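If you want the building blocks of each chain, they are given just below.
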Amino acid sequence: MDEQRPADPGSSSAARAPLPSRAGQAATAQPPVEVQRAAPGISVRGLEAYYGDNHAIKDVSIEYAANRVTAMIGPSGCGKSTVLRCLNRMHEEIPKARAEGKVLLDDADIYAPGVDVVAVRRAIGMVFQKPNPFPTMSIFDNVAAGLKLNGVKGVDLKERVEESLRGAGLWEEVKDRLDRPGIGLSGGQQQRLCIARTIAVQPAVILMDEPCSALDPIATLKVEELIEDLKARFTIIIVTHNMQQAARVADTTAFFLLGELIEHAPTEKVFTTPSDERTEQYVTGKFG
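Residues numbered from 1 in each chain as written. Predicted model: local features only at pLDDT ≥ 70, side-chain atom pairs only at ≥ 80, totals over all residues. Heavy atoms only, no water.

Draft legend 1. How the structure looks around the sheet that holds strand E6 (residues 124-127). Strand order in the open sheet formed by six strands is E6-E7-E8-E3-E9-E10, and the pairing between neighbours is mixed. Both edges of this open sheet fall to E6 and strand E10 (260-266), since each of them pairs with a single strand only. Strand-to-strand twist in this sheet, taken as the mean axis angle between neighbours without regard to direction, amounts to 20 degrees. For strand E7 (residues 205-209) and strand E8 (residues 235-239), the ladder comprises five bridges, and the chain directions are parallel. Among the inter-strand pairings, Leu207 is bridged to a residue of E8, identified as Ile237. Where helix H6 (residues 187-200) meets the sheet, its contacts fall on E6 and E7, and the angle it forms with E6 comes to roughly 170 degrees. Most of the contacts of helix H7 (residues 217-230) go to E8, to which it runs at about 150 degrees, and overall it touches strand E3 (69-73), E7 and E8. (Pairing = 2+ DSSP bridges. Helix = DSSP H or I, 4+ residues; strand = E, 2+ residues; numbered from the N terminus. Axes fitted to C-alpha atoms, helices over the stretch in contact; angles between N-to-C directions. Contact = heavy atoms within 4.5 Å.)

Draft legend 2. Region of the structure containing H6. End to end, H6 covers 20 Å across 14 residues, agreeing with the expected 20 Å (1.5 Å per residue, within 8%). Taken across its 14 residues, H6 has 13 buried, putting it largely inside the fold. With its phi angle positive at about 60 degrees, Gln202 sits one or two positions after the end of H6. (Expected span 1.5 Å × (residues − 1). Buried < 20%, exposed > 50% of the residue type's maximum accessible area, 1.4 Å probe, protein only.)

This is the structure in structure tokens:
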């Protein structure tokens, strides 16, 4: 059962910018989707996803609360990563894959006809399982890449890069070697660099697909502490196989099985008094 979405703190009509459509764009580039500190949530209604003839996601409806961390858990192949990719329309980049239903970023349906997918992915950023800094770029240029595409230059560019590296908890570790290759950082530092690159363009939502699976325990702890800090500015949705990690970082947890959403509730309830027997069996290690 999905939990009710709490009121969005600081919500106002001025805080919301609709996603631009391709058809209505002028010759000049559209400005980034602007968000205030209080980020919008995401409302999913009747989501269906396919890989060719394989019906992978079946009628999923879920509320991802604003400025909260939602963990998605479940056995391998249950559909949680597919749902995550549907939230910023990356699923359709896979050959023969398609999705149906509604995904509302606040009140704007990202699957509405004519919506600019580039604007969607600017508003809903993604951090992948394996750190993926641009291999030929410096630390500075890794963070600056998206900003440059949006026309940020000069002093503003330098300030935004520093702000993003500070936001990712990396500035003090790299401030004296910004011109060195990003790929030369440790695995944990690379992942925080990728997080800095994501937050630099000021998304509303950050999606994380098992962001700590390739990291050692110390690096994992730093990323988890960072997630706790970031939710003050962003709505965060994380896929994880690590039950302890979900319990540590998530405000709510959603359990998926065979392409269906089985239960979504406050994390403590999911792990201590779940409503569905299948959830109880999974979180206690009886299957999965």
